[in-house]
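Listed below, chain by chain, are the residues.
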Amino acid sequence: GRRYPDGNELAWGLSYALWSPMPDDELFELAESGELTKPEVLETQIDRMLASPRATAFLDGFVPQWLEIGGVASLKRDPVLFPTFENARPHMVGETLALFSSFLVEDKDIREIVNSDYGYLNQELAAYYGIPGVTGPEFRRVEYGNARIGGIMGQASVHSVPAKYAHSSPLKRGRFVPDRILCSPLPEPPVVPALPEVPEEGVSKREEFEQHVSDASCAGCHSFMDPIGFSLDNFGPTGEWREQDDYGFPIDASGELPGIGSIAGPREMLALIQKGPQFASCLNDQLFHYMIGRAPTSADHCQFEAMLAKSEDGQVTLTDLIKAIVLSDSFRATTSEAK
C-alpha cells in the first residue's frame, strides 16, 4: 500500500515546494515531534510559510514558468517606435510578481488575478503606463478604476513576450490564453503560407489575418483563437495601450466566442474568463504540476472539486489551492517517494 511520509519528509517536501533550500527550526521541531503530519498543523505551517519573505522563491520559480515571462529580460523592441520600453523592461516581471505576491498574503479570490481594477506599480512603470502619483522604486497597490486594465492580462510582461520587434501578434496572444489561462491548448497549426512582408494597402491587420485564415481547415481553431487575440490588440507590442493597430487603422476589439457569447473588447473577454469555471481549475493544474512535477490525474481533479465545494461563498484563494495540493494524497506520496 501507499506509505505516507513522516514529519521529516514532509518538512523537506514543504520547504522544497514553498521555500528554498531547506526547512527552518520550527519545521524541524514539528517534524521531530510528529506534529507536522497532523492536517491542522500542516495548514498553519503553510500560512506561516506563505507569509514569510522566503516565499519569494516560490513566486520566482512558479510565476515566470506559468506565464512564460522568463524571457522578458532579453526582449528587444524597435527603439524608434518604442523609446521607453528599454527603461521599463527591467521592472515588468516585478510588477507581475508583486500582484501575485498580494494573493499569498491576502484572502482575495484568485480569479481577481485575471481581471481586476487595481495593480502594483513603482515609479518607473507608473510613468510608462501614464499613471500619475506614484513615486519611488517600491511596488505598491494602485487603484486603476477605468484608467487601465488590472490583473495579469493588463501587464506589459504578459503582452510583450508573445509579440514581435515592431508588431503585435494577435495569433500568439490568442493561443496564450487557451494554453496558459484556460489549460485548453489548441492543436498545432497546419503549415500555411506566411503573411506578406508588405501589408496590402487599405487593409487593417485584422482584415489581413481574416483573409489569411479563411481556409476551412483553419477555421476551427481560429474561430476561438482570433476573437481572444484581437480583443487584446489594444495592447501594443510593449504592453502599452493604443487605439490604432500596427498599420494605423482603428482597432476593432469586438468578437464572438463560440458557445460563450459576444465581446466588445478586452474587459468583456476577461470578465467572461473571471466568471467561468476554467481559470481556477487551470491555475490549480499549473500549481499542481509545479509543486508535484506531473500533471494532475482525474483523481487529483476530484480532490480539487471537493475543495471548491467546501467554499461557502464560491470564492477560492491561492492559499486554498496550495493547501489542497499539500494535503492531497499525491503530494504526500511524491514526498515519501523522494526520500
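See above for the structure.
Residues numbered from 1 in each chain as written. Predicted model: local features only at pLDDT ≥ 70, side-chain atom pairs only at ≥ 80, totals over all residues. Heavy atoms only, no water.

A.B. asks: Mind showing me how you'd approach the overall build of the protein here?
C.D. replies: Within the protein, the secondary structure is distributed over 15 helices and four strands. By the compact-globule yardstick of 20 Å for 339 residues, the protein fits well, its C-alpha radius of gyration being 22 Å. Relative to its 339 residues, the protein shows a buried fraction of 51%. For the protein, long-range pairs separated by at least 24 residues make up 68% of all intrachain contacts whose partners lie at least 6 apart in sequence. As displayed, the protein has an accessible area near 15,900 Å², and 54% of this comes from carbon and sulfur atoms. (Helix = DSSP H or I, 4+ residues; strand = E, 2+ residues; numbered from the N terminus. Rg over C-alpha atoms; globule rule 2.2 N^0.38 Å. Buried < 20%, exposed > 50% of the residue type's maximum accessible area, 1.4 Å probe, protein only. Contact = heavy atoms within 4.5 Å. Areas by Shrake-Rupley, 256 points an atom, 1.4 Å probe, with all protein chains shown as cover.)

A.B. asks: Whenever I open this one, unusual backbone geometry confuses me. Can you help?
C.D. replies: Excluding glycine, most residues fall at negative phi; most peptide bonds, likewise, are trans. Here S20 and P21 are connected by a cis peptide whose omega angle stands at 5°. Looking at the element boundaries, P21 is found in the loop between α1 (7-18) and α2 (25-33). Phi is positive for C183, which is not a glycine, with a value near 55°.

A.B. asks: Can you walk me through α2 in this structure?
C.D. replies: For α2, every residue scored as buried is listed here: L27, L30 and A31. Buried residues of α2 fall within an arc of 105° about the axis and therefore sit on the same side. Residues of α2 that are exposed and point more than 90 degrees away from the buried face comprise D25, E29 and E32. Looking at the buried residues of α2, the elements they touch are α1 and α3 (39-51). Phi turns positive, to about 85°, at G34, one or two residues after α2. (Arc of directions from axis to C-beta.)

A.B. asks: Mind showing me how you'd approach the pairing of strand β1 (residues 118-121) here?
C.D. replies: In β1, alternate side chains face the same way, and those of Y118 and Y120 on one face and G119 and L121 on the other are all buried. Where β1 lies against strand β2 (residues 140-143), four bridges are found, and the strand directions are antiparallel. Paired with G119 across the strands is V142, a residue of β2. (Pairing = 2+ DSSP bridges.)

A.B. asks: Any chance you could explain the state of the cysteines here in plain terms?
C.D. replies: Covalent bonding between the sulfur atoms of two cysteines defines a disulfide. Scanning all chains against the criterion turns up one disulfide. Two residues, C183 and C282, share a disulfide whose sulfurs are 2.1 Å apart. In this structure, the disulfide formed by C183 and C282 twists by about 70° around the S-S bond and is classed as right-handed. Of this pair, C183 sits in the loop between α8 (170-181) and α9 (205-212) while C282 sits in helix α12 (residues 278-292); the two residues are 99 residues apart in sequence, bridging distant segments of the chain. Owing to a relative accessible area of 1%, C282 belongs among the buried residues under this scheme. Considering cysteine sulfurs only, C183 is the nearest to C302, which forms no disulfide, with 17 Å between them. Looking at C302, the relative accessible area reads 54%, which means it is exposed. (Disulfide = S-S within 2.5 Å.)

A.B. asks: Is there a simple way to think about α1 in this case?
C.D. replies: Three- or four-residue spacings in an α-helix give side chains the same orientation, since the helix completes a turn every 3.6 residues. Under the 1.5 Å per step criterion, the end-to-end length of α1 is 16 Å for 12 residues, consistent within 8% with the ideal 16 Å. Summarising burial for α1: nine of the 12 residues are buried, a large majority. Backbone nitrogen of N8 and a side-chain oxygen of the N-cap are separated by 3.1 Å at the start of α1; the cap is D6. (Expected span 1.5 Å × (residues − 1). Polar contact = N/O pair within 3.5 Å; in protein donor to acceptor, adjacent residues only side chain to side chain.)

A.B. asks: Any chance you could explain the environment of I322 here in plain terms?
C.D. replies: Structurally, I322 is set in helix α14 (residues 318-326). Residue classification places I322 among the buried positions, given a relative accessible area of 0%. Put simply, I322 and E201 are 121 residues apart on the chain and 52 Å apart in space, counted from C-alpha to C-alpha. In this structure, I322 is in contact with L18, I46, L50, F58, L104 and M291, ignoring residues within four places of it in sequence.

A.B. asks: Honestly, the side chain of R77 in this entry has me stumped. Any pointers?
C.D. replies: Mapped onto the fold, R77 is located in the loop between α4 (56-67) and α5 (85-105). Despite being buried, R77 has no salt bridge partner; E86 is the closest side chain of opposite charge, sitting 9.2 Å away. Looking at R77, its side chain comes within polar contact range of the main-chain oxygen of S160, at 2.3 Å. Within the structure, R77 has its side chain in polar contact with the backbone oxygen of A163 (distance 3.5 Å). (Lys, Arg positive; Asp, Glu negative; His and termini not counted. Salt bridge = Lys/Arg side-chain N within 4 Å of Asp/Glu carboxyl O.)

A.B. asks: Help me out: how do you make sense of the environment of R48 in this one?
C.D. replies: Inspection of the secondary structure assignment puts R48 in helix α3. Sequence separation between R48 and V105 is 57 residues; the distance between their C-alpha atoms is 9.7 Å. In contact with R48, other than residues within four places in its own chain, are W19, D24, E26 and L27. At a separation of 3.3 Å, a polar atom in the side chain of R48 contacts the side chain of E26.

A.B. asks: What am I meant to see in the packing of aromatic side chains here?
C.D. replies: We describe a pair of aromatic rings using the distance from one ring centre to the other and the angle between the two ring planes. Applying the stated criterion across every chain, the model contains 11 aromatic pairs. When the centroid spacing of 5.8 Å and the interplanar angle of 5° are considered together, the rings of F58 and F62 count as stacked. Placement of both F58 and F62 in helix α4 is noted, with a separation of four residues, approximately one turn of the helix. Comparing F58 with F62, the two get one shared label, buried. Every member of this aromatic cluster is reached through a ring pair, and the members are F58, F62, W66, F100, F279 and Y290. Sitting over the ring of F103, K108 keeps its end group 4.2 Å from the ring centre. (Phe/Tyr/Trp six-rings, centres within 6.5 Å; stacked < 30°, edge-to-face > 60°. Lys NZ or Arg CZ within 6 Å of the ring centre and 35° of its normal.)

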